[in-house]
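Topology and contacts: notes
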Amino acid sequence: MTTQSSISLVGTDPIFQDRTAKTARSWAPSVVGEDAEVLSNDSVNLEYRHLVVRCGAVAASAVPGQFFQLLCPHTDGDQPFLRRPMSLYGVNPARLEVEFLYKIAGAGTRGLATLRAGDAIDIMGPLGVGFTLNPKLRHIVAIGRGAGLATLAPLAQAAKANGTKVTAIFSARRPELMVSVELFNRHGADVVAVTDSESTSGPANIERILRGLCFCCVRDFNVGGEIVHRRVCWDGPVFDMMEALP
Amino acid sequence: MIDLSVRVGGLTLANPVMPASGTFAEGLDKVIDFNRLGAFVTKTITRELRAGNPLPRVVECAGGLINSIGIPSKGVPYFLDETLPHYARYKPPLVVSISAPTGEDFARLAAELTRVGVAAIEANISCPNIEEDGKAFAMRASSTELVVRQLRAATSLPLWVKLTPNTGDLPEVARAAERAGADALVVANTILAMAIDLETFKPCLGNIMGGLSGPAIKPIVLRQVYQCARAVKIPVIGCGGISTTEDAVEYMLAGASAVQVGTATFVQPAAMTTIIDGLVKFCERRDIVRIADLIGAVLNEESDEPELSWVAPPQ
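Here the structure is a predicted model, which means the values were calculated and not measured.

1. Focus on the overall build of chain B
Helices and strands together make up the secondary structure of chain B, namely 9 helices and 14 strands. A compact globule built from 315 residues would reach a C-alpha radius of gyration of about 20 Å, and chain B, at 19 Å, matches this within 12%. Dimensions of chain B along its principal axes, counting C-alpha atoms only, are 50 × 50 × 50 Å. Scored against the burial criterion, the 315 residues of chain B give a buried share of 56%.

Next up, the structure:
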């Protein structure tokens, strides 16, 4: 048994002075529900909004692909009871900030849209298993549409830090609803934009763009004594036999 | 220092706060320190493997949610091999929630789970009884008494019996469970409910009807805890819409010896530890040294017995 009086690391709060004091010290949460401070909550176009909050260190340790559950504010018209899951759109562990991208679609997001700088928003996370980014990867392709892009933004950021090149294919209904192109450009990504209104977002066109992008099918070729990588799907499949024997 | 301990149906708990069955699993240890809880209560397990109900299984409504999950279960061997060892590392006692379609199955399951590491059995008798046209055991005193007797004979562990709020005769059902040997009652479960989607004209739940939980049901279940606590001598554990310290105190004043927190955890995953912290502060503020002194401490000096007769009819 541990003694009760020897631990005083958390001051006079009586709950920590009972027998749980030992575990209260050794246990630390990896998911936290907390009131974060809204730094900004601005429209990025007719449909999407960008929410930036100041949070604690655990939340700011979120990795690409993880998400948070937001307790959306109640409004005159809506009283959302449950939290709403929201992909991580950006994270800055040094500045203790996390960002979300959302479209006003229902009771929860209508509440989110009412937030102003300085307001509190209860966020809970980070949750889920994020992307696995193999440090050896030289080039990845990120494909997303609408708010689905939110998930991919931190991945592009992490890829840049990793030295991995990113090609991003963005889909939207109309060009003016395209979001995050500049952000991805800042992360060093090549962005290919496709839209419904331009009839470029169909599966056939995406497949055409994707061919040659993934670099899964490259193999070594000897071109004038130098080893180069060529894509079977794009550069081939018919190759010079001598070049194909490096 | 405030004494938070309570005696509940054969166990002494370090504090009166525990999860409601079905709202708690191992993953919550990322958010709260499990060693601070009064007890663990598992999601209901069954002997048969069950996949659960058709989707969607949950819909939110004003002040709560309606669920029809359908008790998906991985069966007893999985529980014994995986779940049980996981909880051995923690201090709070493990209460195992069980369910079965017949009294005989209930008894067999209770016997199979009577082993080291299990501190008590919580029998969820709000499930359909296939021997009574699918009517839940806890809807009637007679079927409650029968199944609890079978459970009592099958296990030496403390036996907690979880009652349904959907019966019109709850005090009588409570007395039947006590007569048959229950060590404590859990009052109550979700309230049968439904919701309809105005876009599609279809029910919001795949199973059409489901159980309502959350703050919306708190006043109803609080009344039922009050009725049951007056009807029986065994401890009553309150369970229905408890989200805050104030809710927990209110339940204890109504007669609950302990409380279970369920839906609130979905909204605030640290709700249970927040409530425990709040109970200490409440007791300090009111100069209460033992939290057990709150149990049943509601004052009804204004009412005389005839006025209360409709609340708890004489036996």
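That covers the picture; the talk isn't over yet.
2. Structural notes on the overall build of chain A
Per the secondary structure count, chain A includes 5 helices and 12 strands. By residue count, 41% of the 246 residues in chain A fall in the buried class. Of the roughly 13,000 Å² of accessible surface on chain A, a fraction of 55% belongs to carbon and sulfur atoms.

3. Brief notes about the pattern of salt bridges
A side chain of one charge can pair with a side chain of the opposite charge if their charged atoms are brought near each other. All names here are of chain A. Throughout the structure, instances matching the rule amount to 21 salt bridges over all chains. Across the pair R174 and E176 runs a salt bridge whose closest N-O atoms are separated by 2.8 Å. Overall, R174 belongs to the partly exposed group, its relative accessible area being 32%. One network of salt bridges, in which partners are shared, links E47, K103 and R173.

4. As for the packing of aromatic side chains
Within a pair of aromatic rings, the relevant descriptors are the distance that separates the centres and the angle that separates the planes. All names here are of chain B. Evaluated as defined, the whole model comprises 11 aromatic pairs over all chains. Taking the centre distance of 5.7 Å and the plane angle of 25° together, the rings of F24 and F40 count as stacked. Highlighted residues: F24 in the loop between β3 (17–19) and β4 (40–41) and F40 in strand β4, separated in sequence by 16 residues. Taking the relative accessible area as the measure of exposure, F40 reaches 0% and is therefore buried. By the ring-pair criterion, three or more aromatic residues cluster together here, those being F24, F34, F40, Y87 and Y90.

5. Quick notes on the packing of helix α5 (residues 218–231) of chain B against helix α6 (residues 245–254) of chain B
All names here are of chain B. Axis separation between α5 and α6 bottoms out at 8 Å; the angle between their running directions is 30°. Classified by the angle between their axes, α5 and α6 sit roughly parallel to one another. The two elements α5 and α6 cross, and the hand of that crossing is right-handed. Side by side, α5 and α6 meet where K218, V221, L222, V225, Y226 and A229 of the first sit next to D247, E250, Y251 and A254 of the second. For the contact of α5 with α6, the residue count by class is 7 nonpolar, no polar and 3 charged.

6. A look at the side chain of B:T167
Residues and elements named next belong to chain B. Within the fold, T167 resides in the loop between β9 (159–163) and α4 (170–179). Here M139 takes part through its backbone oxygen, which lies 2.9 Å from a polar atom of the side chain of T167. Once residues within four sequence positions are removed from consideration, T167 is found in contact with A138, M139 and V173.

7. Observations regarding the confidence of the model for chain A
Looking at chain A as a whole, its pLDDT mean stands at 83, while 85% of the residues score no less than 70. In the predicted structure, residues 1–24 of chain A sits below a pLDDT of 50 and forms 30 contacts with residues beyond four places in sequence or in another chain.

8. As for the sheet that holds strand β6 (residues 64–67) of chain B
Residues and elements named next belong to chain B. Reading across from one edge, β5-β6-β12-β11 is the order of the 4 strands in this open sheet, with antiparallel pairing throughout. At either margin of the open sheet sits one strand with a lone partner, and together these are β5 (58–61) and β11 (191–194). With strand direction ignored, the average angle separating the axes of adjacent strands in the sheet is 40°. Bridging between β11 and strand β12 (residues 209–213) involves 4 bridges; their strand directions are antiparallel. Following the sheet pairing, I191 is matched in β12 by L212.

9. A look at the sheet that holds strand β1 (residues 32–43) of chain A
Residue and element names in this part refer to chain A. Read from one edge of the open sheet, 7 strands run β4-β3-β7-β1-β2-β6-β5, paired in antiparallel fashion. In the strand order of this sheet, the two ends are held by β4 (84–87) and β5 (90–92), each with one partner. For this sheet the average axis-to-axis angle between neighbouring strands, irrespective of direction, equals 35°. Pairing geometry for β1 and strand β7 (residues 120–127), over 6 bridges, is antiparallel. In the sheet register, E34 faces β7, and the bridge partner there is I123.

10. Description of a nonpolar patch on the surface
A cluster of nonpolar side chains, B:L192, B:M194, B:I196, B:I208 and B:M209, forms an exposed patch at the surface whose accessible area comes to about 480 Å². Within the secondary structure, B:I196 sits in the loop between β11 and β12.

11. Regarding the confidence of the model for chain B
Here chain B averages 92 in pLDDT, while 94% of its residues score no lower than 70. The complex model carries a pTM of 0.81, and its ipTM stands at 0.77.

12. Description of α5(B)
Taking 1.5 Å per residue, 14 residues should reach 20 Å; α5(B) reaches 20 Å between its end C-alpha atoms and fits that length. When α5(B) is considered as a whole, its buried residues turn out to be B:K218, B:V221, B:L222, B:Q224, B:V225, B:Y226, B:Q227, B:C228 and B:A231.

Reading the values: rules and limits
Position numbers for residues count from 1 along each chain, tracking the sequence in the order it is written. Naming scheme: in the order in which they are written, chains are lettered from A and ligands are numbered from 1. Residues qualify for local features only when their pLDDT is at least 70, as the model is predicted, and side-chain atom pairs are given and counted only at 80 or more; totals for whole chains, interfaces and linings, by contrast, use all residues. Think of the side-chain values as coming from all heavy atoms in the structure, minus any hydrogens and water. Numbering of helices and strands runs from the N terminus; a helix is a DSSP stretch of H or I covering at least four residues, while a strand is a stretch of E covering at least two. Here the globule rule is a power law, 2.2 Å times the number of residues to the power 0.38, and the radius of gyration is based on C-alpha atoms. For every residue, the accessible area obtained with a 1.4 Å probe (protein chains only) is divided by the maximum for its type, and the residue is called buried under 20%, exposed over 50%, and partly exposed between those limits. To be clear on the numbers: accessible area is Shrake-Rupley with a 1.4 Å probe, and residue cover counts the displayed protein chains and nothing else. For this document, the term salt bridge refers to a Lys or Arg side-chain nitrogen within 4 Å of an Asp or Glu carboxyl oxygen. Here a pair means two rings of Phe, Tyr or Trp (six-membered ring of Trp) with centres within 6.5 Å. Their orientation is stacked below 30 degrees between planes, edge-to-face above 60, and tilted elsewhere. Axis definition: a line fit to C-alpha positions, over the contact stretch in the case of helices; interaxial angles, taken between N-to-C directions, run 0 to 180 degrees. Comment on the angle field: the value is read as roughly parallel under 35 degrees, roughly antiparallel over 145, roughly perpendicular from 65 to 115, and oblique elsewhere. It is the rotation of the near helix from the far one that decides the hand of a crossing: anticlockwise by less than a right angle makes it left-handed, clockwise makes it right-handed. We call two residues contacting when some pair of their heavy atoms lies within 4.5 Å. Charged residues are taken to be Asp, Glu, Lys and Arg, nonpolar residues to be Ala, Val, Leu, Ile, Met, Phe, Trp, Tyr, Cys and Pro, and polar residues to be all remaining types, Gly included. Contacts described as polar in this section are N or O atom pairs within 3.5 Å, which, within protein, must combine one atom able to donate a hydrogen with one able to accept it, while residues neighboring in sequence count only if both atoms come from side chains. Here pLDDT means the predictor's own confidence in every residue, given as a number from 0 to 100. Think of it this way: DSSP has to see at least two bridges between two strands before they count as a pair. Nonpolar side chains (Val, Leu, Ile, Met, Phe, Trp, Tyr) are joined into patches within 5 Å and like charges within 9 Å, using only residues with over 30% relative accessible area and no salt bridge. A helix is expected to span 1.5 Å for every residue after the first.

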